[in-house]
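Analysis of the macromolecular model
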Amino acid sequence: MLRRVASAALAALCIASGLSGQGTDYGDDASATRLRFGIGGGAIVPRSNARFQDVLAGATGQAFLLFRFAPGLPALRIGADYSRMTFGEPVLGATGSIYGQTRSQFAGIVSARFDLSPGPVRPYLLAGVGAFSIRDEVEVQGSFGSGTAISSTDFGLDAGGGISFRLGRISGFVEARIQNVYAKEGFINTKSIQAIPITFGVIF
């Protein structure tokens with residue numbers, strides 16, 4: 001999955017490079033209007049310090065509002081993320097039940113977006129904080145119970161960078177972030193959950 005997302009990101013960057021080479025300045029895509037709306041999706045993978053380390057599949061989606069208060073100032077981004085990861089192949093237990101491990105995560109994040117250069121193609125940095133509601137589950141399919149789950153809502157940091165580029169009246173973006181959630185102990189003895197969402201989308 002991550003390889004397919006990387007290929008899509010590379011294609012988007014090629015489009016962005018073509019737009020940049022046209023020499024047309026479309027202006028500040030974040031300040032053309034003071035309020036814009038963005039949506040995106042892609043893959044998410046945990047780092048080695050995550051509670052689960054053997055990720056089989058992970059998908060993430062996001063929606064956000066982008067506020068520009070004045071030219072030259074960082075934009076304010078207020079958004080919501082949802083992610084779901086499946087870890088490892090299902091395991092057949094001694095009782096005949098099938099065990100699987102999943103994590104679902106919902107986050108509300110407030111970030112500052114720093115544009116690094118003007119023009120139709122803009123690299124940018126993100127730095128923010130948020131509240132992360134995380135639910136880790138051991139799912140059991142069989143006649144002996146429905147599994148166990150651990151849920152918590154914790155403070156976390158969200159930072160990264162990306163590239164935005166004009167696509168007519170809208171803007172596209174490709175970005176990668178790292179999320180560090182200061183969580184309580186869970187299935188594996190750790191107090192920090194780290195994951196990397198890689199997303200692409202559009203801003204209206």
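That block above? That's the structure.
Owing to the predicted nature of the structure, the values given are computational and were not obtained by experimental measurement.

Turning next to the overall build of the protein. Tallying secondary structure elements over the protein gives one helix and eight strands in all. Here the protein holds 204 residues, and 42% of them are scored as buried. Partitioning the intrachain contacts of the protein with sequence separation of at least 6 by distance along the chain shows that 64% fall at a separation of at least 24. When the accessible surface of the protein is summed, it comes to about 10,100 Å², and 64% of that surface belongs to carbon and sulfur atoms.

This paragraph deals with the environment of Pro74. With respect to the helices and strands, the residue Pro74 is situated in the loop between strand S2 (55-67) and strand S3 (75-92). Judged by its relative accessible area of 35%, Pro74 is partly exposed. When the C-alpha atoms of Pro74 and Arg113 are compared, they prove to be 5.4 Å apart, with 39 residues separating the residues in sequence.

Side chains of Leu35, Phe37, Ile39, Leu65, Ile78, Val110 and Phe204 sit close together on the surface and give an oily, nonpolar patch of about 590 Å² of accessible area. Of all the elements, strand S1 (residues 35-46) adds the most residues to the nonpolar patch, at three residues. Within the secondary structure, Ile78 is located in strand S3.

Counted by the stated rule, this structure contains eight salt bridges. Ionic pairing is found between Asp81 and Arg177, a salt bridge with its closest N-O pair at 2.9 Å. Of this pair, Asp81 sits in strand S3 while Arg177 sits in strand S7 (residues 170-181), and the two are 96 residues apart along the sequence. When sorted by exposure, Asp81 lands in the same class as Arg177, which is buried. Ionic pairing is found between Glu175 and Arg177, a salt bridge with its closest N-O pair at 3.3 Å. Taking relative accessible area as the criterion, Glu175 reaches 2% and is therefore assigned buried. Taken together, the shared-partner salt bridges in this structure form one network comprising Arg77, Asp81, Asp158, Glu175 and Arg177.

For the coordinates displayed, the defined rule picks out two aromatic pairs. Aromatic pair Phe155 and Tyr182: ring centres 6.0 Å apart, planes at 15 degrees, arrangement stacked. On the criterion of sequence distance, the pair formed by Phe155 in strand S6 (residues 147-167) and Tyr182 in the loop between S7 and strand S8 (193-203) is long-range, its members being 27 residues apart. Here Arg77 stacks its cationic end above the ring of Phe64, 4.2 Å away from the centre of that ring. Sitting over the ring of Tyr124, Arg113 keeps its end group 4.4 Å from the ring centre.

What follows covers the pairing of S7. Of all twelve residues that make up S7, nine are buried, and the element is covered over most of its length. As defined by bridge partners, S7 adjoins S8 across nine bridges and the pair is classed as antiparallel. Bridging from a neighbouring strand, Gln179 pairs with Ala195 of S8.

To continue, consider the side chain of Gln62. Note that Gln62 resides in strand S2. Reaching out from Gln62, the side chain makes a polar contact with the side chain of Thr199 at a distance of 2.9 Å.

Thresholds, definitions, all that
- Residues numbered from 1 in each chain as written.
- Predicted model: local features only at pLDDT ≥ 70, side-chain atom pairs only at ≥ 80, totals over all residues.
- Heavy atoms only, no water.
- Helix = DSSP H or I, 4+ residues; strand = E, 2+ residues; numbered from the N terminus.
- Buried < 20%, exposed > 50% of the residue type's maximum accessible area, 1.4 Å probe, protein only.
- Contact = heavy atoms within 4.5 Å.
- Areas by Shrake-Rupley, 256 points an atom, 1.4 Å probe, with all protein chains shown as cover.
- Patch = residues over 30% accessible without salt bridge, like charges linked within 9 Å, V, L, I, M, F, W, Y side chains within 5 Å.
- Salt bridge = Lys/Arg side-chain N within 4 Å of Asp/Glu carboxyl O.
- Phe/Tyr/Trp six-rings, centres within 6.5 Å; stacked < 30°, edge-to-face > 60°.
- Lys NZ or Arg CZ within 6 Å of the ring centre and 35° of its normal.
- Pairing = 2+ DSSP bridges.
- Polar contact = N/O pair within 3.5 Å; in protein donor to acceptor, adjacent residues only side chain to side chain.

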